[in-house]
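Spelled out from the first residue to the last, the chains are:
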Amino acid sequence: MLSTPQNSPPEAALRERLAALRRRVANAAGAAGRDVDSITLLAVSKGQEIRQLRAALALGVHQFGENYVDEAIPKIHALRSGGAPGQPDAGVIWHFIGRVQANKTRPTAELFDWVHGLDRMRIAERLSGQRPHHAPPLNVCVQVNIAGEASKAGVAPGETLALLREVAALPRLRLRGLMAMLPFDLPVSHQHQAFAALHELRDQAIAAGLPLDTLSMGMSGDFEAAIAQGATIVRIGTALFGPRS
Ligand SMILES: *Cc1c(COP(=O)(O)O)cnc(C)c1O
């Protein structure tokens, strides 16, 4: 039985979707000959209520992704104080996956553990300068416009290495890897091509002396292709939580 009588329907539905998602991730990893433990499931909780985040946390999900600072702040505070009195900190890792706005860099640097959407040096410098000294360096991924869409965020593939070198030199950032987001309607073969291109860019950066360990790629509609092409973090919203409000 996947649900128990004391589960109210939203929690039971979440439990079943999480189990199905974990099976799909494990199958995709197995098909690619990869260890499933090399893939982190990042639960994209934008547009979801705090109750849903708490339910996911109770099911063993510890990494959450948010796109908007103002929406994330109450969630971060709620989960921080979410344990029963005397319980240890819930140990949640917060990822900022949206576009970082220049006027929101301070709360982003103070509240998050990771930033995935870095594509401008000006923002990187502000995040480094504003990262609190008591905290470890902020983990960052540089976002690459890998599918070449005019409207999408991200640095051009040909400019990626130069930006990576500059970001790697900032004292309060820890450069982890590359991130990409594909258009929703790409055929599967094109998903594979684009994700493989991001993997190739990471290999080039490693060969150039930048020790990147992260490929943040794959969402609800394309994570299987991403895992086949080496994703280490998949960012999953609707396939886990259902439709967003
Ligand atoms: C919203 C979002 C996701 C999750 O999208 P789903 O299709 O709901 O899985 C992942 N990454 C980024 C950058 C997003 O903005």
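Use the structure listed above.
These figures come from a predicted structure and were not determined experimentally. (Residues numbered from 1 in each chain as written. Predicted model: local features only at pLDDT ≥ 70, side-chain atom pairs only at ≥ 80, totals over all residues. Heavy atoms only, no water.)

A. Looking closely at the overall build of the protein. Scanning the protein from N- to C-terminus turns up nine helices and eight strands. Relative to the 2.2 N^0.38 estimate, which gives 18 Å for 245 residues, the radius of gyration of the protein is 18 Å and therefore close to what a compact globule would have. Counting only C-alpha atoms, the protein reaches 55 × 45 × 30 Å along its principal axes. Across the 245 residues of the protein, 49% fall into the buried class. Partitioning the intrachain contacts of the protein with sequence separation of at least 6 by distance along the chain shows that 62% fall at a separation of at least 24. Accessible area for the protein stands at about 11,500 Å²; split by element, carbon and sulfur atoms hold 53% of it. (Helix = DSSP H or I, 4+ residues; strand = E, 2+ residues; numbered from the N terminus. Rg over C-alpha atoms; globule rule 2.2 N^0.38 Å. Buried < 20%, exposed > 50% of the residue type's maximum accessible area, 1.4 Å probe, protein only. Contact = heavy atoms within 4.5 Å. Areas by Shrake-Rupley, 256 points an atom, 1.4 Å probe, with all protein chains shown as cover.)

B. Geometry of empty space enclosed by the protein. All told, the structure shown has one cavity of 30 Å³ or more when counted by the stated rule. When its volume is computed, the largest cavity comes out at roughly 30 Å³. What lines the largest cavity is Thr-160, Leu-161, Leu-164, Leu-178, Leu-201, Gln-204 and Ala-205. (1 Å grid on protein atoms, 1.4 Å probe; cavity = no way out; pocket = protein on both sides within 12 Å on 5 of 7 lines; lining within 4 Å. Points joined across faces, edges and corners; volume = space filled by probe spheres on them.)

C. Inspection of the packing of aromatic side chains at higher detail. Evaluated as defined, the whole model comprises two aromatic pairs. Note on Phe-96 and Phe-112: the rings are 5.3 Å apart at their centroids and 80° apart in plane angle, and the pair reads as edge-to-face. Of this pair, Phe-96 sits in strand β3 (residues 93-96) while Phe-112 sits in the loop between α4 (105-111) and β4 (114-118), and the two are 16 residues apart along the sequence. In this pair, the class of Phe-96 matches that of Phe-112, namely buried. (Phe/Tyr/Trp six-rings, centres within 6.5 Å; stacked < 30°, edge-to-face > 60°.)

D. Local environment of the pattern of salt bridges. One pass over the structure, following the stated rule, counts eight salt bridges. Counted as one network, the salt bridges with shared partners bring together Glu-66, Glu-71 and Lys-75. (Salt bridge = Lys/Arg side-chain N within 4 Å of Asp/Glu carboxyl O.)

E. Molecular detail of the pairing of β4. In terms of burial, β4 is a largely internal element, five of the five residues being buried. Inspection of the sheet shows β3 paired to β4 by two bridges, in the parallel sense. Within the sheet, the bridge partner assigned to His-95 lies in β4 and is Trp-114. With three bridges joining them, β4 and strand β5 (residues 138-143) adopt parallel strand pairing. If you follow Val-115 over to β5, its bridge partner there is Val-140. The handedness of the β4 to β5 crossover, carried by helix α5 (residues 121-130), is right-handed. (Pairing = 2+ DSSP bridges. Right-handed = clockwise from strand over helix to strand, strands pointing away.)

F. Quick peek at the environment of Ala-20. Secondary-structure assignment places Ala-20 in helix α1 (residues 9-31). Distance in space between the C-alpha atoms of Ala-20 and Leu-240 is 8.8 Å, their sequence separation being 220 residues.

G. The nonpolar core, seen in detail. Phe-64, Val-167, Leu-173 and Leu-178 are the most contacted members of the largest nonpolar core, which totals 68 residues. At six residues, the largest contribution of residues to this core is made by α1. Setting aside residues no more than four positions away along its own chain, Val-167 makes contact with Leu-118, Met-121, Ala-124, Val-140, Val-142, Leu-173 and Leu-175. Core analysis: the second largest hydrophobic core is formed by seven residues, Leu-42, Cys-141, Met-179 and Ile-233 among them. (Core = buried A, V, L, I, M, F, W, Y, C linked by side-chain atoms within 4.5 Å.)

H. Quick look at the site of the ligand. Taken together, 13 residues form the shell around the ligand, and within it Lys-46, Asn-67, Ser-220, Gly-237 and Arg-244 come nearest. Between the ligand and the protein, one listed contact pairs a nitrogen atom with a side-chain N or O atom of Arg-235 at 2.8 Å. Measuring from an oxygen atom of the ligand, one finds a side-chain N or O atom of Arg-244 at 2.8 Å. For the ligand, whose accessible area on its own is 390 Å², the fraction buried by protein is 94%. When the residues that make up the shell around the ligand are grouped by side-chain class, the tally is six nonpolar, four polar and three charged. (Near = heavy atom within 4 Å. Polar contact = N/O pair within 3.5 Å; in protein donor to acceptor, adjacent residues only side chain to side chain. Nonpolar A, V, L, I, M, F, W, Y, C, P; charged D, E, K, R; others polar.)

I. The arrangement of helix α6 (residues 160-168) in detail. Within the sequence span of α6, burial applies to Thr-160, Leu-163, Leu-164 and Val-167. Along the long axis of α6, the arc covered by the buried residues comes to 105°, so they all point the same way. In the core, the buried residues of α6 are packed alongside β4, α5, β5, β6 (173-179) and α7 (188-207). (Arc of directions from axis to C-beta.)

J. Representation of the side chain of Arg-202. Tracing the backbone shows Arg-202 in helix α7. Of the side chains with opposite charge, Asp-203 lies nearest to the buried Arg-202, which makes no salt bridge, at 4.6 Å. When residues no more than four places from it in sequence are discounted, the contact partners of Arg-202 are Leu-178, Leu-212, Asp-213, Thr-214, Leu-215 and Thr-232. (Lys, Arg positive; Asp, Glu negative; His and termini not counted.)

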